[in-house]
Amino acid sequence: KTHYFTKTHANINKIILFYKNSYNSYKSANEKLGLCKTSFNIANINCTMGNLDESLKWQEISFSLAQSTNHVVMKGYNYNLRGIIYSNLSQPKEAYELFKKSLQIRKKLDDQEGVATLCRNIGVVYLSMGLLKQSITYFKKSLSICKTIGYHLGILDCYLQLGKSYKQMGIYDFAIEYFKKS
């Protein structure tokens, strides 16, 4: 296990280095959209690795570029990523506000997978705050969309999150039902 993690971590560092080199190339060419996407990717990888301060730094760069180029899709991605960062920093109210902004953008773009993902993210925030009825509402919204578009990973995650919500409510029959489906 240690060997696998060490290899994976080394590969991720190579990927980050690749993106940083790309970022420098885009900077030399004054290519703002490339800078925006590359800094977003660096932020996303750092968030996944738990490097939240580094992630936030790169996300702020990406968001600033998304605003200056008025790139709506990248604005939406950035709101979502910043929401994830704040959620990981145990700041659920801030995360919720950012997820709602991203959700509005995804709805305008008719991005159903994005809408499903944001509904799940909002559900997770509600779950973390102990607002279980609201979490279930958002998980069910996400589940419905995921089923409609055939987003199987989203379906499985919704089942898992619904199981957690019902378990926390003490409704164990429903919790077990959803856990079995996940």
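As the structure is a computational prediction, the values presented were derived from the model and not from experiment.

> Is there a simple way to explain the overall build of the protein in this structure?
On a plain count of helices and strands, the protein comes out with nine helices and zero strands. Starting at the N terminus, the α and β elements of the protein follow one another as α-α-α-α-α-α-α-α-α. Each of the three principal axes of the protein carries a C-alpha extent, and together these read 60 × 45 × 30 Å. Each of the 182 residues in the protein was classed as buried or not, and the buried ones make up 42%. Restricting to contacts in the protein with at least 6 residues of sequence separation, those with at least 24 account for 47%. Put simply, the protein shows about 10,300 Å² of open surface, and 54% of that area lies on carbon and sulfur atoms. For the protein, the centre of its 25 positive side-chain charges and the centre of its 12 negative side-chain charges are spaced 1 Å apart.

> Explanation requested: the nonpolar core in the structure shown.
Most often, soluble globular proteins keep nonpolar side chains buried together rather than apart. Among the nonpolar cores identified, the biggest contains 31 residues, and Phe99, Leu103, Ile122, Leu143, Leu162 and Tyr166 are the most heavily contacted of them. Every element with two or more residues in this core is listed here: helix H4 (72–88), helix H5 (92–108), helix H6 (112–128), helix H7 (132–149), helix H8 (152–169) and helix H9 (172–181). Ranked by the residues each element gives to this core, the list is headed by H6, at eight residues. Aside from chain neighbours lying at most four places away, what touches Tyr166 is Ile136, Lys140, Ile171, Phe174, Ala175 and Tyr178. Counting residues in hydrophobic clusters, the runner-up holds 15 residues, among them Cys36, Leu52, Leu65 and Met74.

> Where do I start with the environment of Leu131 in this structure?
By the secondary structure assignment, Leu131 is in the loop between H6 and H7. Residue classification places Leu131 among the partly exposed residues on the basis of a relative accessible area of 30%. Residues Leu131 and Met169, spaced 38 residues apart in sequence, show a C-alpha to C-alpha distance of 9.8 Å.

> I'm lost on a nonpolar patch on the surface in this one. Help?
Residues Met169, Ile171 and Phe174 make up a contiguous nonpolar surface patch of about 230 Å² in total accessible area. Along the chain, the position of Met169 falls in helix H8. Since its relative accessible area comes to 31%, Met169 is described here as partly exposed.

> It is not clear to me how unusual backbone geometry should be interpreted in this structure. Could you clarify?
Negative phi values dominate among residues other than glycine, just as trans dominates among peptide bonds. Phi at Ser90 takes a positive value of approximately 60°, unusual for a residue other than glycine. Its place among the elements puts Ser90 in the loop between H4 and H5. We classify Ser90 as exposed; its relative accessible area is 63%. Positive phi values are uncommon outside glycine, yet Asp110 reaches one of about 55°.

> What am I meant to see in the packing of H6 against H7 here?
Relative orientation and spacing of two packed helices are given, respectively, by the angle between their axes and the distance between those axes. Between H6 and H7, whose axes approach to 8 Å, the crossing angle comes to 160°. With respect to each other, H6 and H7 are oriented roughly antiparallel. Note on packing geometry: the crossing formed by H6 with H7 is left-handed. Contacts between H6 and H7 pair Gln112, Glu113, Val115, Ala116, Cys119, Arg120, Ile122, Gly123, Val124, Tyr126 and Leu127 from the former with Leu132, Gln134, Ser135, Tyr138, Phe139, Lys141, Ser142, Ile145, Cys146 and Ile149 from the latter. Within the contact of H6 with H7, the residues separate by chemical class into 13 nonpolar, five polar and three charged.

Cut-off values and rules
Each chain carries its own residue numbering, running from 1 in the written order of its sequence. Totals for whole chains, interfaces and linings use all residues, but because this is a predicted model, local features are given only for residues with pLDDT of at least 70 and pairs of side-chain atoms are given and counted only at 80 or more. Excluded from the side-chain calculation are hydrogens and water; included are all heavy atoms of the structure. Per the convention used, a helix needs a DSSP run of H or I reaching at least four residues, while a strand needs a run of E reaching at least two, with both numbered from the N terminus. Relative accessibility thresholds used throughout: buried, under 20% of the residue-type maximum; exposed, over 50%; partly exposed, between the two (1.4 Å probe, protein chains only). Between two residues, a contact is recorded if the distance between any of their heavy atoms is within 4.5 Å. Note that accessible areas follow from Shrake-Rupley with a 1.4 Å probe, and for residues the cover is restricted to the protein chains shown. Charged residues are defined narrowly, with Lys and Arg counted positive, Asp and Glu counted negative, and His plus the chain ends left uncounted. Just so you know, the charge point we use is NZ for Lys, CZ for Arg, CG for Asp and CD for Glu. Joining through side-chain atoms within 4.5 Å is the link that ties buried Ala, Val, Leu, Ile, Met, Phe, Trp, Tyr and Cys residues into a set, and such a set is a nonpolar core. The patches described consist of residues with a relative accessible area above 30% and no salt bridge, like charges being joined within 9 Å and nonpolar side chains (Val, Leu, Ile, Met, Phe, Trp, Tyr) within 5 Å. What makes a salt bridge here is a side-chain nitrogen of Lys or Arg within 4 Å of a carboxyl oxygen of Asp or Glu, nothing more. Helix axes use the C-alpha atoms of the stretch in contact, all axes being lines fitted to C-alpha atoms, and the angles between their N-to-C directions lie in the range 0 to 180 degrees. Comment on the angle field: the value is read as roughly parallel under 35 degrees, roughly antiparallel over 145, roughly perpendicular from 65 to 115, and oblique elsewhere. A clockwise turn of the near helix away from the far one marks a right-handed crossing, whereas an anticlockwise turn of less than a right angle marks a left-handed crossing. Note on residue categories: nonpolar means Ala, Val, Leu, Ile, Met, Phe, Trp, Tyr, Cys or Pro, charged means Asp, Glu, Lys or Arg, and polar means any other residue, Gly included.

Functional significance is not addressed by these values, which are geometric in nature.
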